[in-house]
Amino acid sequence: MYASRPPWDIGRPQPAFLALADSGEVRGRVLDVGCGTGEHVLMCAERGLDATGIDLASRARKAADKKARDRGLEVRFLHHDARKLGSLGESFDTVLDCGLFHIFNDEDRAEFVDGLRTVLRPGGRYFMLCFSDQQPGHQGPRRVTRAEIQAAFADGWRVDSIEPATIDITTDPDGIRAWLAALTRV
């Protein structure tokens, strides 16, 4: 996926996540699942947070490592399957997800949410940007409805908000219609 620059690799944090970080909502130990080239992990490190990113794409992780070195930031980028979060053996206060949840089928989503529960401390926050069912057309990943998000997080979670948002991409100045979901592990 990273043989050439994918449209979601915009070279900066997504505005919705940047706003959350600027408002202090992103705190403590932070895990970015499906971190790609690491912009959200680096954003957290720039704010003095202990930040880790996981991704299966080795090219993306290598690019993320180089960005961290170039910026003089201490972060970790790990080769890890987000469907197997429990095997990390760590806990976090905040988990960020930009564009991962919507790629999973129903079975993988359930496994992912179970894993989130194991790595996110009680009271910890999960912030997700995902493709919305409001996005016109059929290109791109599966569209996600508000009801699907609520159903996936019905057990052991409090859905704090699910708001319309945009995922910036390089191929369309208007971006992609998305949901920004904020959830708390109870």
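Rules used in this analysis
Residues numbered from 1 in each chain as written. Predicted model: local features only at pLDDT ≥ 70, side-chain atom pairs only at ≥ 80, totals over all residues. Heavy atoms only, no water. Helix = DSSP H or I, 4+ residues; strand = E, 2+ residues; numbered from the N terminus. Rg over C-alpha atoms; globule rule 2.2 N^0.38 Å. Buried < 20%, exposed > 50% of the residue type's maximum accessible area, 1.4 Å probe, protein only. Contact = heavy atoms within 4.5 Å. Areas by Shrake-Rupley, 256 points an atom, 1.4 Å probe, with all protein chains shown as cover. Salt bridge = Lys/Arg side-chain N within 4 Å of Asp/Glu carboxyl O. Pairing = 2+ DSSP bridges. Axes fitted to C-alpha atoms, helices over the stretch in contact; angles between N-to-C directions. Expected span 1.5 Å × (residues − 1). Arc of directions from axis to C-beta. Parallel < 35°, antiparallel > 145°, perpendicular 65-115°, else oblique. Left-handed = near helix turned anticlockwise from the far one by under 90°. Nonpolar A, V, L, I, M, F, W, Y, C, P; charged D, E, K, R; others polar. Phe/Tyr/Trp six-rings, centres within 6.5 Å; stacked < 30°, edge-to-face > 60°.

## A look at the overall build of the protein
And step 1. Helix and strand counts for the protein stand at 5 helices and 7 strands.
And step 2. Against the globule reference of 16 Å for 186 residues, the protein gives a C-alpha radius of gyration of 15 Å, in line with a compact fold.
And step 3. Principal-axis analysis of the C-alpha atoms gives the protein an extent of 40 × 40 × 30 Å.
And step 4. Buried residues in the protein amount to 50% of all 186 residues.
And step 5. Taking the intrachain contacts of the protein between residues at least 6 apart in sequence as the baseline, contacts between residues at least 24 apart amount to 67%.
And step 6. Element-wise, carbon and sulfur atoms account for 50% of the exposed surface of the protein, whose accessible area totals about 8,800 Å².

## A closer look at the pattern of salt bridges
And step 1. With the rule as written, the count across this model stands at 20 salt bridges.
And step 2. Of the charged contacts in the structure, one is a salt bridge between D160 and R125, with a shortest N-O distance of 3.3 Å. Taken together, the positions of D160 in strand β6 (residues 157-167) and R125 in strand β5 (residues 120-131) put the pair 35 residues apart, joining distant regions of the chain.
And step 3. Salt bridges sharing common partners tie together E25, R125, R158 and D160.

## A word on the sheet that holds strand β7 (residues 176-185)
And step 1. Pairing in this open sheet of 7 strands is mixed, and the strands run β3-β2-β1-β4-β5-β7-β6 from one edge to the other. This sheet does not close on itself; its edge strands, each paired only once, are β3 (76-79) and β6. Here the average twist between neighbouring strands, direction ignored, is 15°.
And step 2. Here strand β1 (residues 29-33) pairs with strand β4 (residues 92-98) via 4 bridges, running parallel. Following the sheet pairing, L31 is matched in β4 by V95.
And step 3. This element, helix α2 (residues 39-46), spans β1, β2 (50-55), β3 and β4 of the sheet and lies at about 175° to β2.
And step 4. Docked against the sheet, helix α4 (residues 106-119) engages β1, β4, β5, β6 and β7, running at close to 145° with respect to β5.

## Remarks on helix α3 (residues 58-71)
Each α-helix turn comprises 3.6 residues. Residues three or four places apart therefore point the same way.
And step 1. Across its 14 residues, α3 extends 20 Å between first and last C-alpha, which sits within 8% of the 20 Å expected from 1.5 Å per residue.
And step 2. All buried positions along α3 are accounted for by A60, R61, A64, K67 and A68. An end-on view of α3 places all buried positions within 120° of arc, on one side of the element. Seen from the open side of α3, the exposed residues pointing more than 90 degrees away from its buried face are R59, K62, R69 and D70.
And step 3. Residues of α3 that are buried make contact with α2, β2 and β3.

## Comments concerning the packing of α2 against α3
And step 1. Viewed as axis vectors pointing N to C, α2 and α3 meet at an angle of 25°, and their least axial separation amounts to 10 Å. With respect to α3, the axis of α2 lies roughly parallel. Handedness of the crossing formed by α2 with α3: right-handed. Across the interface between the two elements, E39, L42 and E46 of α2 pack against K67, A68 and R71 of α3.
And step 2. When its residues are assigned to classes, the contact of α2 with α3 shows 2 nonpolar, no polar and 4 charged.

## Observations concerning the packing of aromatic side chains
And step 1. Using the criterion set out here, one finds 6 aromatic pairs in the structure.
And step 2. Consider the rings of F112 and Y126, whose centres lie 6.2 Å apart with planes at 65°: the pair is edge-to-face. Within this pair, whereas F112 is found in helix α4, its partner Y126 is found in strand β5, the two being separated by 14 residues in sequence.
And step 3. F112 gets classed as buried once you look at its relative accessible area, which sits at 0%.
And step 4. We classify Y126 as buried; its relative accessible area is 0%.
And step 5. An aromatic cluster of three or more residues is present, and its members are F101, F104, F112, Y126, F153 and W157.

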